Amino acid sequence: MRLYRINKLAKPGGPVIKKKDVLAATDKDAVQQAADSGDCPVCDVLRDGRVVGAVI
């Protein structure tokens with residue numbers, strides 16, 4: 001398991017409104033968790049400070 005940060009954004013490329021840490025086995029699983037979150041219409045998923053996926 002790896003630690004990922006999900007940053008909820010105001011708009012794509014916009015400011016971060018909320019941050020959430022999650023554990024996931026793969027980048028794909030972390031992006032899926034962000035997509036399934038009802039509070040994440042626009043989010044970036046980061047691992048080790050690098051964007052590995054986004055929900056738009």
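What this report covers is the structure whose coordinates are included nearby. What you see is a predicted model, and the numbers here were worked out from it, not measured in a lab. (Residues numbered from 1 in each chain as written. Predicted model: local features only at pLDDT ≥ 70, side-chain atom pairs only at ≥ 80, totals over all residues. Heavy atoms only, no water.)

In this fold, arginine 2 is placed in strand β1 (residues 2-9). Its relative accessible area of 41% is what places arginine 2 among the partly exposed residues. In sequence terms arginine 2 and leucine 23 are 21 residues apart; their C-alpha atoms lie 5.5 Å from each other. Not counting residues within four places of it along the chain, the set of residues in contact with arginine 2 comprises Val22, Leu23, Ala24 and Arg47. (Helix = DSSP H or I, 4+ residues; strand = E, 2+ residues; numbered from the N terminus. Buried < 20%, exposed > 50% of the residue type's maximum accessible area, 1.4 Å probe, protein only. Contact = heavy atoms within 4.5 Å.)

Further remarks concern the pattern of salt bridges. Enumeration over the complete set of coordinates arrives at 4 salt bridges. Between aspartate 21 and arginine 5 there is a salt bridge, with the nearest N and O atoms lying 2.9 Å from each other. Here aspartate 21 is found in strand β2 (residues 16-24), whereas its partner arginine 5 is found in strand β1, with 16 residues between them in sequence. For arginine 5, a relative accessible area of 32% gives the class partly exposed. (Salt bridge = Lys/Arg side-chain N within 4 Å of Asp/Glu carboxyl O.)

To continue, consider the pairing of strand β3 (residues 43-47). Alignment of β1 against β3, held across 4 bridges, turns out to be antiparallel. Considered in β3, the bridge of arginine 5 is made with leucine 46. Across 5 bridges, the pairing between β3 and strand β4 (residues 50-55) is antiparallel. In the strand pairing of β4, arginine 47 is matched with arginine 50. Connecting β3 to the antiparallel partner β4 that follows it, the hairpin turn spans 2 residues, and aspartate 48 within it adopts a positive phi of roughly 55 degrees. (Pairing = 2+ DSSP bridges.)

In this structure, Tyr4, Ile6, Val22, Ala24, Ala30, Ala34, Cys40, Cys43, Val45 and Val55 together form the largest nonpolar core, which totals 10 residues. Counting only elements with at least two residues in this core, the list comes to β1, β2, α1 (27-36) and β3. Apart from residues lying up to four places away in sequence, valine 22 is in contact with Arg2, Leu3, Tyr4, Ile6 and Gln33. (Core = buried A, V, L, I, M, F, W, Y, C linked by side-chain atoms within 4.5 Å.)

Turning next to the sheet that holds β1. Overall, antiparallel pairing links the 4 strands, which are arranged β2-β1-β3-β4 in an open sheet. Strands with a single pairing partner mark the edges of an open sheet, and in this sheet they are β2 and β4. Recorded for the sheet is a direction-independent mean angle of 25 degrees between the axes of neighbouring strands. Strands β1, β2, β3 and β4 of the sheet are contacted by α1, whose axis makes an angle of about 40 degrees with β4. (Axes fitted to C-alpha atoms, helices over the stretch in contact; angles between N-to-C directions.)

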